[in-house]
Structure formats: structure tokens, C-alpha cells
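Observations on the three-dimensional arrangement
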Amino acid sequence: AAAGGVLVGYIAYAIVFSEPLEMTLEWAFDLGISWVLVCSGVFLGAYKGQRERNTILQLTTVESQYSVLKNQMQPHFLFNALNGISELVVQNPVIAKTSIEMLASLYRRILDNSREAFSTLGSELSIIRDYLSLERLRFGSRFSYELEVPEVYEKLYVPSLMLQTLIENALKHGIVPSPEGGKVTLNVAAGPQGWVGITLTNTGARYVRGRAEGVGLTNTVRRLDLLYGAGHSFRIGTNVAGETEVAFNITGRRS
């Protein structure tokens, strides 16, 4: 627009003052091109600067949101575990004492893993096994579990503590409400598009669609969205066997 204004102005000047139009046009054209290049450079620099500021702002926002979710999950786990142990204090003080000692050791490792957004699947499985052993003390024969995870997947990266949170959720909403208890199964296998498919099922109380979701499940979905964007899938429902099933696919990388 500025270059066009310069060009029109000089044409009008040539006509009014009877200057040679060809020379004026050539000079005005050169000036207009120079003006366009200067303005383009200024605007491009401003655009890049704004884009960088927007990117930094977006990253800061994501990190802030993730920190909020992470800080919610640590006490959420601790409170749930302590509530479970409190039931044992009266019923079986010896097992309650053992559970408290196991919880102290387990929580220290949970805090270590929570310092990073991602952990290896092998590291997460170590925490999960100890957590499930702790819950076995609480539920006894009412609860069993199976981890179907080929060793080849243990070096892949998963969001820290996400699997433990989902298993905790399965016990709270599936095993606890069921008089017969039930079984929790974790399966890791190859997924679509080169992703890693992770499936968690429990045979306890069935999932009720439309029920208000708890902190664990809500934060899991939000963390997946923040960490992977469109690079993941997630679903929860009842499978053909009538079991509650949570299934999601991720890249297996730190992004």
C-alpha cells in the first residue's frame, strides 16, 4: 500500500509539473520496490518476534497446567492409600504396620519419578508391582492382578505415574465396590500407526457412562492432551467380556 501511494504520488507530480513521465516512473518504481523490501523486513521481523513470544507463552502455559496436574496427583495417591490402610488398623494391626512401611518406601519412589514428565515403562512397572503388592495386603483373596508387559517395551517412555494412577482408579471404582472383588490386568502391545497400545481392565464393578469422573481419570486425559496433543487416543468403557476397560495409544517417546 505504501509503495502504491509513492508511485501514484510521483505520477501526479510528473503530470502537474510536466516532468518526463518515463524517468519519473522508473525512479518511482525503484523507490517503491525499496520501500516494499524495507517494510517487508520490518513486518517479518515483528511477526517472527511475536510468534516466538506466543510460542514461549504457550510452553509456559502448558508447563504451568502440567505442574498443577502433577501436584494434584501426589496427595491424591497418598490420601487414597492412607484411607485404605486406616481400615486395616482395627482389622489387622500387624498387616497395617507392614503396609505403612511399604507405603513410605513406595511414596519416596513416586516422588522421584514425579520430578520428570516421562519415565521408562520399566521404572513405572517397578512402582506398580509394589503398589499392587501393598493393595494385596489390604484386599487379600478378593483381589488379584496380572501384568502382561513384554520386556521389549520396558525401555519405552510413558507419562510418569499415569499407569499407577489408572490402576489406583480401577481399584477404587471397580474392586472396592464389588463384594466379590476382582482382577486387574495391564496389557502393553503394539498399537496402530507404530504407537504403543496400553490396556487396563478390571473385573469388578462396571464402568457407568455419564458418571462424574474422579480426579485420577480427569487428570489422566488432560495430561495426555498436554503431552501428546493429537498424537494419542484414549477411551474408557465396557469390553465384550463385560469388564471395565481403559485403552490408550501413545508414541512411546518423550513427546
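As shown above, the structure is provided for reference.
These numbers were taken from a predicted model, which means no experiment stands behind them.

Some remarks on empty space enclosed by the protein
According to the stated counting rule, one finds 5 cavities of 30 Å³ or more in the structure shown. The calculated volume of the largest cavity comes to roughly 150 Å³. Along the wall of the largest cavity there are 15 residues; nearest its centre are Asn169, Ala170, Asn202, Thr244 and Val246. Within the residue set of the lining of the largest cavity, elements represented by two or more residues are helix H5 (162-175), strand E5 (196-202) and strand E7 (244-250).

Points about the packing of aromatic side chains
For any pair of aromatic rings, the description rests on two quantities: the centre-to-centre distance and the angle between the ring planes. One pass over the structure, following the stated rule, counts 4 aromatic pairs. Aromatic ring contacts, followed pair by pair, group Phe139, Phe143 and Tyr145 into a single cluster.

What about the pairing of E7?
When a strand is regular, its side chains alternate between the sheet's two faces. Along E7, 7 of the 7 residues are buried, which leaves the element largely enclosed by surrounding structure. Inspection of the sheet shows E5 paired to E7 by 7 bridges, in the antiparallel sense. By the bridge assignment, Leu200 is partnered in E7 with Val246. Two strands pair when backbone bridges link them, and strand E6 (residues 233-238) and E7 are joined in this way by 6 bridges, in the antiparallel orientation.

Quick word on the environment of Glu245
With respect to the secondary-structure elements, Glu245 resides in strand E7. Judged by its relative accessible area of 13%, Glu245 is buried. With 59 residues separating them in the primary sequence, Glu245 and Leu186 have C-alpha atoms 10.0 Å apart. With sequence-adjacent residues up to four places away left out, Glu245 is seen in contact with Thr199, Leu200, Thr201, Arg235, Ile236, Gly237 and Asn239. Here Asn239 takes part through its side chain, which lies 3.4 Å from a polar atom of the side chain of Glu245.

What counts, and where the lines are drawn
Residues numbered from 1 in each chain as written. Predicted model: local features only at pLDDT ≥ 70, side-chain atom pairs only at ≥ 80, totals over all residues. Heavy atoms only, no water. 1 Å grid on protein atoms, 1.4 Å probe; cavity = no way out; pocket = protein on both sides within 12 Å on 5 of 7 lines; lining within 4 Å. Points joined across faces, edges and corners; volume = space filled by probe spheres on them. Helix = DSSP H or I, 4+ residues; strand = E, 2+ residues; numbered from the N terminus. Phe/Tyr/Trp six-rings, centres within 6.5 Å; stacked < 30°, edge-to-face > 60°. Buried < 20%, exposed > 50% of the residue type's maximum accessible area, 1.4 Å probe, protein only. Pairing = 2+ DSSP bridges. Contact = heavy atoms within 4.5 Å. Polar contact = N/O pair within 3.5 Å; in protein donor to acceptor, adjacent residues only side chain to side chain.

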